[in-house]
Amino acid sequence: MMNWMHDDPFHPRHYRDVRRPPGEASTLPGWCYVSDAFLRRERERIFSRAWQFAGRLEEIPRGGYRSVDTTGGPILLVNDGSLRAFANTCRHRGTPLVSGCGMASRIVCPLHGWRYRLDGSLESAPGTSIDHGRYALRGIRADVWAGFVFVCFSRRTAGLASWFGDMTQRLASHDLAEFRVARRRHYTVRANWKLIAENAMEAYHTGTVHGDSLGAQASRDLVTRGHWDALQVLGEASVAVLPGQPAPFPPVKSLSPEARAGTFFTTLHPNTQFACAQDSMWWLHYRPLSPGLTRIEVGQCFPDSTTRRDDFAEGSKAYFHRWDTGIDEDNAICEAQQAGISSPFHRPGRLSVREQAVHRLNNWIVDQTIDDGLARRRIDALHGSH
């Protein structure tokens, strides 16, 4: 691995093999997965600019709030008839204002009792004579698509619809606005966030890592426009339950012919996966804590009509078992990869023709972090429409 004291990890020459065409390209250099400097560059050029997933609107009751941890720090989502997002930090001494979720007519700091209205304005600051208008909560851009909440820390980045390009049309037939969250799980994984993202974007590993559970899967790559990517695991039977097990719940009635043909495994750049099966969907949101440590949130959703079935509690067990099995196996192999990449003897390997989505993901990372000619054009796209 490169000696960090004697070379520039961001020089374009280190990424020439990553830039080669599919079938000829190599993986990212190992330091991209283990270096504090590279993660700082990602925070600066990716996470501070991109639209990022923050949860489901249904989980923020009207007249209520929900706190969310993000790569840009803790945020506060408020629903006062309109969705609002703020930095979850008091304007006095920086104390987090709330945790979890709940109902509130005011947001009150637990340290000194500063009170904020749900629109973020400061109502009272005991013991001070400050100008309340100057101490409102710091607002953050927020938007909603199909019931999913996204936030963005940059005022220069294009709007949510422009950011994700044709994703909204491609997934429209799933009618995701009518889905409901059935369960959330959290994991702390000893692996770089990009390994988790890469694993989610190839079916090459399923016959080995999941050989005794999910089994080998056939897939095809989709052509996408915008800051997202997708492949489709083919098969009209739902992959949200284990192979050979009949799906307890029916497919979504509105599915397009393309959606009925298989499950979409998508990456919403930079750090979220939506997996849309015919009868359900689940998300993985991966938040880097350090180069080798990632916090993963998994949310599992069904159509509202499914959640109201009398047999939902029993039928959903098959889905939860499949998801838990696959995620545990994926987390374990990602931790093993991290250990291998951390070896001083590791060198980038050649990507297979079945890893074209990984190739595109790697190049998207390089686009944002490395200053070569192609990267400059892609970075400009972060600040305007495509």
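Structure's up top.
Here the structure is a predicted model, which means the values were calculated and not measured.

Caption draft 1: Main features of the packing of helix α2 (residues 36–47) against helix α10 (residues 356–369). In the contact formed by α2 and α10, the axes pass within 9 Å of each other and the chain directions differ by 80°. Judged by the angle between their axes, α2 and α10 are roughly perpendicular. Where α2 approaches α10, its residues F38, R41, E42, R45 and I46 are matched on the opposing element by W364, I365, Q368 and T369.

Caption draft 2: Inspection of the sheet that holds strand β11 (residues 179–189) at higher detail. Spatial ordering of the open sheet is given by β11-β17-β16-β15-β14-β13-β12, a layout of 7 strands whose pairing is antiparallel. Two strands lie at the open edges of the sheet, namely β11 and β12 (219–221), each paired on one side alone. For this sheet, the mean angle separating the axes of adjacent strands, direction not counted, is 20°. Bridge analysis of strand β14 (residues 262–268) against strand β15 (residues 272–276) gives 5 bridges, and the strand direction is antiparallel. Pairing of L268 across the sheet is with T272, part of β15. On top of the sheet, α10 reaches β12 and β13 (228–234); it is set at about 170° to β13, its chief contact.

Caption draft 3: Representation of the side chain of R91 in the model. Structurally, the position occupied by R91 is in the loop between β4 (83–87) and β5 (101–103). The buried charged residue R91 lacks any salt bridge partner; its closest oppositely charged side chain belongs to D131, at an N-O distance of 11 Å. A distance of 2.6 Å separates a polar atom in the side chain of R91 from the backbone oxygen of A136.

Caption draft 4: Structural view of the side chain of Q52. Along the chain, the position of Q52 falls in strand β1 (residues 51–56). Residue Q52 is classed as buried on the basis of its relative accessible area, which comes to 3%. At 2.8 Å, the side chain of Q52 and the backbone oxygen of F47 are in polar contact. Of note is the side chain of Q52, whose polar atom sits 3.0 Å from the side chain of T71. Beyond its immediate stretch of four places on either side in the chain, Q52 contacts F47, T71, V149, F150, V151, F153, P270 and N271.

Caption draft 5: The arrangement of the pairing of strand β2 (residues 64–70) in detail. Counting buried positions along β2 gives 5 out of 7 residues, so the element sits mostly inside the fold. With 7 bridges connecting them, β2 and strand β3 (residues 73–79) associate as antiparallel partners. For R66, the partnering residue across the bridge sits in β3 and is L77. From the end of β2 to the start of β3, which pair antiparallel, there are 2 residues. Here β2 runs beside β5; their pairing, made up of 3 bridges, is antiparallel. For G64, the partnering residue across the bridge sits in β5 and is M103.

Caption draft 6: Structural context of the environment of D279. Among the secondary structure elements, D279 is positioned in the loop between β15 and β16 (281–290). Expressed as a C-alpha distance, the spacing of D279 and R260, which sit 19 residues apart in the sequence, is 9.7 Å. In this structure the side chain of D279 is engaged in a polar contact, spanning 2.9 Å, whose partner is the side chain of S238. A polar contact is formed between the side chain of D279 and the side chain of Y319, at a distance of 2.7 Å.

Thresholds, definitions, all that
- Residues numbered from 1 in each chain as written.
- Predicted model: local features only at pLDDT ≥ 70, side-chain atom pairs only at ≥ 80, totals over all residues.
- Heavy atoms only, no water.
- Axes fitted to C-alpha atoms, helices over the stretch in contact; angles between N-to-C directions.
- Helix = DSSP H or I, 4+ residues; strand = E, 2+ residues; numbered from the N terminus.
- Parallel < 35°, antiparallel > 145°, perpendicular 65-115°, else oblique.
- Contact = heavy atoms within 4.5 Å.
- Pairing = 2+ DSSP bridges.
- Buried < 20%, exposed > 50% of the residue type's maximum accessible area, 1.4 Å probe, protein only.
- Lys, Arg positive; Asp, Glu negative; His and termini not counted.
- Salt bridge = Lys/Arg side-chain N within 4 Å of Asp/Glu carboxyl O.
- Polar contact = N/O pair within 3.5 Å; in protein donor to acceptor, adjacent residues only side chain to side chain.

Such coordinate-based values are descriptive only and should not be taken to indicate function.
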